[in-house]
Amino acid sequence: MAKRKVDTENRGFQTRWESEYMFTKVAGKPVCLLCGESVAVLKEYNLRRHYETKHADKNKNMDMEQRLQKAEELKRGLKSRQALFKKAKSQGQAAVKASFILAEEIAKSARPFTEGDFIKNCMIKVCDEVCPEKRQLFLNVSLSRNTIAERVDQLSINLKEQLVKKGKDFIAYSLAVDESTDISDIAQLSIFIRGVDSNLSVTEEFLALRPMHGTTTGHDLYEEVSRCVNEMELPWEKLVGLTTDGAPAMCGHRSGLVAKIREKMQEENATGELTAYHCIIHQEALCGKALKMEHVMSIITRTVNFIRAKGLNHRQFKAFLTELETEHGDLPYHTEVRWLSQGKVLQRCFELREEICLFLDSKGKDTTQLRDEMFLCEMAFLCDITSHLNAINLQLQGRDRVISDMYSTVKAFKTKLTLWETQMRKENLSHFPSCQTMKEKLSTSAFPSTQLADKIGMLAADFRRRFADFEAQKSRLELLGNPFAVDVESSPPNLQMELIDLQCNDALRAKYAVVGAAEFARFLPGTMPQLRIQAAQTLSMFGSTYLCEQLFSLMNLNKTSHRSRLTAEHLHSILRISSAQSLTPNIDELVEKMGHHQVSPSTSNK
């Protein structure tokens, strides 16, 4: 005979049992109003037996009306106790949630974990003035150093879990990898991922920061990247691109990171081929060195250093500019690693060239070179061309940049260089305002337009050489940039039929005109699977290691000489939180996982 299951008998609680047996129903179970005990099985016999065994003597002289009043009174008392418990429970959850929120803000603002104690002291002082009756609620929020460190780690783990979950839906992804050194001389390997799912939505997030205490050979870099990819459960066959800083350890043909990853993909029988890029922004900065005008920059740097290096000279120079009522009141420093600083220094020195010479004369310094007309022409040219290079550099920076757009920017700049070279030979200085100024002020010698045009030619040649790998991918990038202008015959055979369908579809052409190239890929219909895969692969590619460089700036903000003992785990957690873009920590889920833990005042003050 089958065993009876009480859950399937649909037994209901009857209202009369409240007055007869002093029971009420709480969360589906009968609970005694007199002693608080619950009965396992909802049967009248069980309730009557409990009442007669334990409470019959207490209420035997009461009539039915008195028993009803007593039952209502006991129910009100039970509800008030439950409300008090729920309130305490919700206050505990709120305190835990508040500690998570503040820990996230501390991590994002690059503050030390000990800032939690300072914030709490400020909160208490404000509370004492504004709402002193709620002081205990603020005391319950734990913000000790250990608590903040623990919360930051939990937030980071939550973000990583979200990324792993998203990664399972990627149909293509690429990596950006760069290496730098922190304040403790530890090599740090930064890895970012850019993945595209089946809806052609792009996710661009921080993957890992790996400390490297030993050597940083191509094999070492590969081991770290490989471990990271495997930990995130990312399939190697879906890896499309790898963008690096171009260092030999990264790009070596035999033992570099790129070569090692290609070997790994062959071992995994990946059908696709890895496309490796040298960071576009880095290459653009290197192109500037093709001008070979270090002699001009060295004189400028020496001059600026003479004025800025000594406090007295610097103060006197600023006072001198104030006395002359110039537009600018100071000179900026030039730092080699800050690529944009060169243009700012050159621009300011050119605009203050006469004032600088007067100041150096007053200090007994030789200003022959600074007054030389040929030098001034070269300085004006370097000022203008560096300004143009800085403009393209800024265009290439930023998050969520599509590689086809970056390629178009570089392509446009190469066309501009050709135009500028032609115009310079004809002494047309429309796009070189500083050169135009110098040409008007020349007294004896003619403006060296031919020499400067040759410099532009050298720069254009270096751009063509350095961006040859992007030219090799030209058809692939143009397919995403403007699929309606692509020549069908020269396209891969597996795309030709779908391209014809696309180019003949007026509705899709109109949609492309409205949303643009980057967003249009998401509107490709499911009947064009090959085009969708091609678009996903191109959308997933990084054009630069900008995100890695940005992360290193965040790393230097957090790991300073005052926080040099910050552990690798905590640094990693901080950077994951502060660099998150499309992901946000699920704090409510974390609070739930903590089991509704209520923080006591004694715990928060530890």
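Residues numbered from 1 in each chain as written. Predicted model: local features only at pLDDT ≥ 70, side-chain atom pairs only at ≥ 80, totals over all residues. Heavy atoms only, no water.

So, on to the overall build of the protein chain. For the protein chain, the count of helices and strands is 29 helices and 7 strands. The C-alpha atoms of the protein chain give a radius of gyration of 35 Å, which is well past the 25 Å a tight globule of 606 residues would have. Taken over the C-alpha atoms alone, the protein chain extends approximately 125 × 70 × 50 Å along its principal axes. Residues classed as buried in the protein chain amount to 46% of the 606 residues present. A fraction of 70% describes how many contacts in the protein chain between residues 6 or more apart in sequence connect residues 24 or more apart. Accessible surface for the protein chain amounts to roughly 31400 Å². Of this, 50% is attributable to carbon and sulfur atoms. (Helix = DSSP H or I, 4+ residues; strand = E, 2+ residues; numbered from the N terminus. Rg over C-alpha atoms; globule rule 2.2 N^0.38 Å. Buried < 20%, exposed > 50% of the residue type's maximum accessible area, 1.4 Å probe, protein only. Contact = heavy atoms within 4.5 Å. Areas by Shrake-Rupley, 256 points an atom, 1.4 Å probe, with all protein chains shown as cover.)

So, on to the packing of helix α17 (residues 403–425) against helix α19 (residues 449–466). At a closest axis distance of 8 Å, the pairing of α17 and α19 adopts a crossing angle of 160°. Put simply, α17 runs roughly antiparallel to α19. Considering how the two elements wind past one another, α17 and α19 form a crossing that is left-handed. Residues Val410, Phe413, Lys414, Leu417, Trp420, Glu421, Met424 and Arg425 of α17 pack against Ser449, Thr450, Leu452, Ala453, Asp454, Ile456, Gly457, Leu459, Ala460, Phe463 and Arg464 of α19. Tallied by class, residues from the contact of α17 with α19 come to 11 nonpolar, 3 polar and 5 charged. (Axes fitted to C-alpha atoms, helices over the stretch in contact; angles between N-to-C directions. Parallel < 35°, antiparallel > 145°, perpendicular 65-115°, else oblique. Left-handed = near helix turned anticlockwise from the far one by under 90°. Nonpolar A, V, L, I, M, F, W, Y, C, P; charged D, E, K, R; others polar.)

Next up on the list: α17. Taking 1.5 Å of rise per residue, 23 residues should cover 33 Å, and α17 covers 34 Å from first to last C-alpha, within 8% of that figure. The complete set of buried residues in α17 reads Ile403, Ser404, Met406, Tyr407, Thr409, Val410, Phe413, Lys414, Leu417, Trp420, Gln423 and Met424. Taken from the residues just after α17, Glu427 is the one with a positive phi, measuring 60°. (Expected span 1.5 Å × (residues − 1).)

Under the criterion given, the structure shown has 13 aromatic pairs. Centre to centre, the rings of Tyr277 and Phe470 are 4.5 Å apart; their planes meet at 10°, and the pair counts as stacked. Note that Tyr277 is positioned in strand β7 (residues 275–278) and Phe470 in helix α20 (residues 468–472), a separation of 193 residues in sequence. Like Phe470, Tyr277 is buried. Connected via pairs of aromatic rings, a cluster forms that spans Tyr277, Phe381, Phe413, Trp420, Phe432, Phe463, Phe467 and Phe470. The ring of Phe350 has Arg353 lying over it, and the distance from NZ or CZ to the ring centre is 4.2 Å. The side chain of Lys511 reaches across the aromatic face of Phe523, ending 4.7 Å from its centre. (Phe/Tyr/Trp six-rings, centres within 6.5 Å; stacked < 30°, edge-to-face > 60°. Lys NZ or Arg CZ within 6 Å of the ring centre and 35° of its normal.)

Turning next to helix α16 (residues 373–396). With 24 residues, α16 should reach 34 Å at 1.5 Å per residue; the first-to-last C-alpha distance of 35 Å fits that figure. When you tally the buried positions in α16, you get 18 out of 24 residues, the bulk of the element. Gly398 occupies a position one or two residues after α16 and carries a positive phi of about 115°.

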